[in-house]
Amino acid sequence: DEIRRCLSLCSRPLFVRLLAEQAANWSCHDDPRIDAQDIAALVALAFDRLSADSVHGATLVSHALGYIAASQFGLGDDELLDALSQNEQVMTAFRRRHPDSPPIGRLPYIIWASLRADLSTYLSTRQAIGAEVQDFYHLELRDVAALRLREQVPEAQTHQQLAAMFRARGQD
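If you're wondering where the values come from, they're calculated on a predicted model, not measured in any experiment. (Residues numbered from 1 in each chain as written. Predicted model: local features only at pLDDT ≥ 70, side-chain atom pairs only at ≥ 80, totals over all residues. Heavy atoms only, no water.)

Considering the overall build of the chain
Helix and strand content of the chain: nine helices and two strands. Beginning at the N terminus, the succession of helices and strands in the chain can be written as α-α-α-α-α-α-α-β-β-α-α. Computed over the C-alpha atoms, the radius of gyration of the chain is 17 Å, within 12% of the 16 Å expected from 2.2 N^0.38 for a compact globule of 172 residues. In terms of overall dimensions, the chain has C-alpha extents of about 55 × 40 × 25 Å along its principal axes. Residue burial in the chain is summarised as follows: out of 172 residues, 42% are buried. The long-range fraction of contacts in the chain, counting pairs at least 24 apart against all pairs at least 6 apart in sequence, stands at 61%. Mean positive and mean negative side-chain charge positions of the chain (17 and 23 charges, respectively) differ by 2 Å. (Helix = DSSP H or I, 4+ residues; strand = E, 2+ residues; numbered from the N terminus. Rg over C-alpha atoms; globule rule 2.2 N^0.38 Å. Buried < 20%, exposed > 50% of the residue type's maximum accessible area, 1.4 Å probe, protein only. Contact = heavy atoms within 4.5 Å. Lys, Arg positive; Asp, Glu negative; His and termini not counted. Charge placed at Lys NZ, Arg CZ, Asp CG, Glu CD.)

Examining the environment of Ser71
Relative to the assigned elements, Ser71 resides in the loop between α4 (58-70) and α5 (77-85). Classification of Ser71 as buried rests on a relative accessible area of 9%. Residue contacts for Ser71: discarding those within four places in its chain leaves Arg142 and Leu162. Among the polar contacts listed, one links the side chain of Ser71 to the backbone oxygen of Ile68, at a separation of 2.7 Å. Side-chain polar atoms of Ser71 contact the backbone nitrogen of Gly74, separated by 3.0 Å. (Polar contact = N/O pair within 3.5 Å; in protein donor to acceptor, adjacent residues only side chain to side chain.)

Topic: the packing of aromatic side chains
Ring pairs (aromatic) are described by centroid distance and by the angle formed between their planes. If you walk through the whole model with that rule in mind, you get one aromatic pair. With 5.5 Å between their ring centres and 70° between their planes, Phe47 and Tyr122 make a pair best called edge-to-face. Of this pair, Phe47 sits in helix α3 (residues 39-51) while Tyr122 sits in the loop between α7 (109-118) and β1 (123-128), and the two are 75 residues apart along the sequence. Using a relative accessible area of 1% as the deciding quantity, one classes Tyr122 as buried. Against the face of Tyr137 rests Arg17, its NZ or CZ located 4.3 Å from the ring centre. (Phe/Tyr/Trp six-rings, centres within 6.5 Å; stacked < 30°, edge-to-face > 60°. Lys NZ or Arg CZ within 6 Å of the ring centre and 35° of its normal.)

Quick look at the packing of α3 against α4
Close contact between α3 and α4 brings their axes to 8 Å; oriented N to C, the two are set at 135°. Considering the angle they form, α3 stands oblique to α4. Across from Phe47, Leu50 and Ser51 in α3, the residues of α4 making contact are Ala58, Val61 and Leu65. Residues belonging to the contact of α3 with α4 are distributed by class as follows: five nonpolar, one polar and no charged. (Axes fitted to C-alpha atoms, helices over the stretch in contact; angles between N-to-C directions. Parallel < 35°, antiparallel > 145°, perpendicular 65-115°, else oblique. Nonpolar A, V, L, I, M, F, W, Y, C, P; charged D, E, K, R; others polar.)

Observations regarding the confidence of the model for the chain
This prediction gives the chain a mean pLDDT of 85; 98% of its residues lie at or above 70. Of all helices and strands in the chain, the one with the weakest mean pLDDT is helix α1 (residues 2-9) (74), whereas α7 scores best (95). (pLDDT = per-residue confidence, 0-100.)

Some points on the pattern of salt bridges
This structure, assessed with the given rule, holds five salt bridges. Asp135 is the salt-bridge partner of Arg126, the closest N and O atoms lying 2.9 Å from each other. Overall, the relative accessible area of 30% leaves Arg126 in the partly exposed class. One salt bridge connects Arg142 with Asp135, and the closest N-O pair in it is separated by 2.2 Å. One connected set of salt bridges, linked through shared partners, spans Arg126, Asp135 and Arg142. (Salt bridge = Lys/Arg side-chain N within 4 Å of Asp/Glu carboxyl O.)

In structure tokens:
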């Protein structure tokens with residue numbers, strides 16, 4: 001019934017796909033109530049679910065999505081890991097969430113791989129400038145992610161952090 005109600009509000013193909021993703025995550029103990037009438041609200045619900053402390057945490061999710069949204073062509077796994085690892089907020093949140101992790105200066109790959117798997121509905125892998133990158137498969141998803149990060153971090157700061165990461169990579 002909830003699916004039918006939502007489809008009566010919006011039947012665009014992207015909305016239907018994202019709604020199916022939400023429904024696939026329901027368990028028999030969940031209240032299948034979706035308070036979303038458009039694509040942006042449905043994507044925000046999904047990002048909220050992933051941002052929960054019991055899942056990936058808001059800091060990691062918002063910065064990972066923000067970096068991808070701020071990139072021109074998407075980011076490779078190594079580029080995204082470098083950007084996340086150079087971000088003190090992300091590393092502080094990681095250390096708080098994983099206090100028993102060895103004190104390394106880089107976000108472990110498994111942390112990004114787990115988030116990337118949960119974001120698979122929203123991202124696509126493609127070739128860009130001779131490298132494999134992760135990017136949003138739809139412009140509306142990019143817009144929601146960019147807006148979400150802008151609420152926490154000024155857009156100029158995100159671009160500065162990416163630029164610093166690419167400068168550091170160029171020096172290696």
